[in-house]
Amino acid sequence: MSTFGGEIVIAKKQLTNRQIKSPQVLFIDQEGTNQGLTDTRDALKMAKDAGLDLVVVSDGGEAPVAKIMDYGKLQYQQKKRQKQSSKTTVKEVKLRPNVGDADYDVRISRATEWLEKGDSVKFQVRLRGREHQHRDRATDLLNRVVEDLNAVSKVQTFDRRSLILTLVPQ
């Protein structure tokens, strides 16, 4: 059991080779061809002959689905995917069109820290009431954000209609 981004993730180990206790498996060979219901001993022999592992990829109803593959390579790819998904965090900054200079500077400095750390930052300008008549002010504010953070980020998306700007680290 490990923590992953604040949530608890229970790692379920996949059964390989001699750990498979089922008498038969739905067998998929190394080319990805479904061979149907096969005796587990025969599938293990084919995997050994190919120099690979027999890995249970799904616990099916009557028989588990097992595939011939390199188990070490599978683990490496799963860890790599997990690291990539844990790195990208989107921080959100909400602004009003009449934000004061001091508040604006605090939010820009915090966004700079996040971008330098590798996180993406999403800016959203919220309009209320009569502020909708001055949408151009909100767009100008987002353009100012782009200019101020130009050294540490690049624009991923800029939606002028919903007044949302997403910046990613350079």
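Everything numeric in this text was worked out from a predicted model, so none of it was measured.

1. Observations concerning the overall build of the protein chain
Right, on to step 1. When its secondary structure is counted, the protein chain shows 4 helices and 10 strands.
Right, on to step 2. For the protein chain, the N- to C-terminal ordering of α and β elements is β-β-β-β-α-β-β-α-β-α-β-α-β-β.
Right, on to step 3. By residue count, 32% of the 170 residues in the protein chain fall in the buried class.
Right, on to step 4. Sequence separation of 24 or more characterises 51% of the internal contacts of the protein chain that already satisfy a separation of 6 or more.
Right, on to step 5. Accessible area of the protein chain: about 11500 Å², with a carbon and sulfur share of 47%.

2. Some details on the pattern of salt bridges
Right, on to step 1. Scanning all chains against the criterion turns up 4 salt bridges.
Right, on to step 2. The closest approach of N and O atoms between lysine 45 and aspartate 49, which form a salt bridge, is 3.3 Å. In this pair, lysine 45 and aspartate 49 both sit in helix H1 (residues 40–50), 4 residues apart, roughly one turn of the helix. Per residue, the accessibility class of lysine 45 equals that of aspartate 49, and both read exposed.
Right, on to step 3. When the shortest N-O distance is used, the salt bridge between aspartate 101 and arginine 144 registers 3.8 Å. A residue pair is termed long-range when its members are at least 10 positions apart, and aspartate 101 in helix H3 (residues 101–117) and arginine 144 in helix H4 (residues 135–148) qualify at 43 residues.

3. Examining the packing of aromatic side chains
Right, on to step 1. Per the counting criterion, the structure on display carries 0 aromatic pairs.
Right, on to step 2. Arginine 160 extends its terminal NZ or CZ atom over the ring of phenylalanine 158, reaching a point 4.2 Å from the ring centre.

4. Examining the packing of H3 against H4
Right, on to step 1. Where H3 contacts H4, the two axes come as close as 11 Å, and the packing angle between them is 45°. Considering the angle they form, H3 stands oblique to H4. Classified by chirality, the crossing of H4 by H3 is right-handed. Across the interface between the two elements, Asp101, Tyr104 and Ile108 of H3 pack against Leu141, Arg144, Val145 and Asp148 of H4.

5. Examining the sheet that holds strand E9 (residues 153–159)
Right, on to step 1. Within the open sheet, the 4 strands sit side by side as E7-E8-E10-E9. Their pairing is mixed. Edge positions in the open sheet fall to strand E7 (90–95) and E9, since each of these has one partner strand only. Here the strands of the sheet are splayed against their neighbours by 20° on average, with no regard to which way each runs.
Right, on to step 2. Strand direction decides the pairing type here: E9 and strand E10 (residues 164–169), joined by 6 bridges, are antiparallel. Bridge pairing links valine 155 to leucine 167 in E10.

6. So, the sheet that holds strand E4 (residues 34–39)
Right, on to step 1. An order of E4-E3-E6-E5 is seen for the 4 strands of this open sheet, with the pairing classed as mixed. Across the chains shown, the open sheet's two edge strands, defined by having one partner strand only, are E4 and strand E5 (53–58). For this sheet the average axis-to-axis angle between neighbouring strands, irrespective of direction, equals 35°.
Right, on to step 2. Note: strand E3 (residues 24–28) against strand E6 (residues 65–69), 3 bridges, orientation parallel.

7. Considering the nonpolar core
Right, on to step 1. One finds Leu95, Phe123, Val125, Val145 and Leu149 to be the most contacted residues of the largest nonpolar core, which totals 21 residues.
Right, on to step 2. For this core, the secondary structure elements donating two or more residues are E7, H3, strand E8 (120–125), H4 and E10.
Right, on to step 3. If we skip the residues at most four places from it in the chain, valine 125 touches Leu95, Arg96, Pro97, Ala138, Leu141, Leu142 and Leu163.

What counts, and at which threshold
- Residues numbered from 1 in each chain as written.
- Predicted model: local features only at pLDDT ≥ 70, side-chain atom pairs only at ≥ 80, totals over all residues.
- Heavy atoms only, no water.
- Helix = DSSP H or I, 4+ residues; strand = E, 2+ residues; numbered from the N terminus.
- Buried < 20%, exposed > 50% of the residue type's maximum accessible area, 1.4 Å probe, protein only.
- Contact = heavy atoms within 4.5 Å.
- Areas by Shrake-Rupley, 256 points an atom, 1.4 Å probe, with all protein chains shown as cover.
- Salt bridge = Lys/Arg side-chain N within 4 Å of Asp/Glu carboxyl O.
- Phe/Tyr/Trp six-rings, centres within 6.5 Å; stacked < 30°, edge-to-face > 60°.
- Lys NZ or Arg CZ within 6 Å of the ring centre and 35° of its normal.
- Axes fitted to C-alpha atoms, helices over the stretch in contact; angles between N-to-C directions.
- Parallel < 35°, antiparallel > 145°, perpendicular 65-115°, else oblique.
- Left-handed = near helix turned anticlockwise from the far one by under 90°.
- Pairing = 2+ DSSP bridges.
- Core = buried A, V, L, I, M, F, W, Y, C linked by side-chain atoms within 4.5 Å.

Interpretation in functional terms is not warranted from these geometric data alone.
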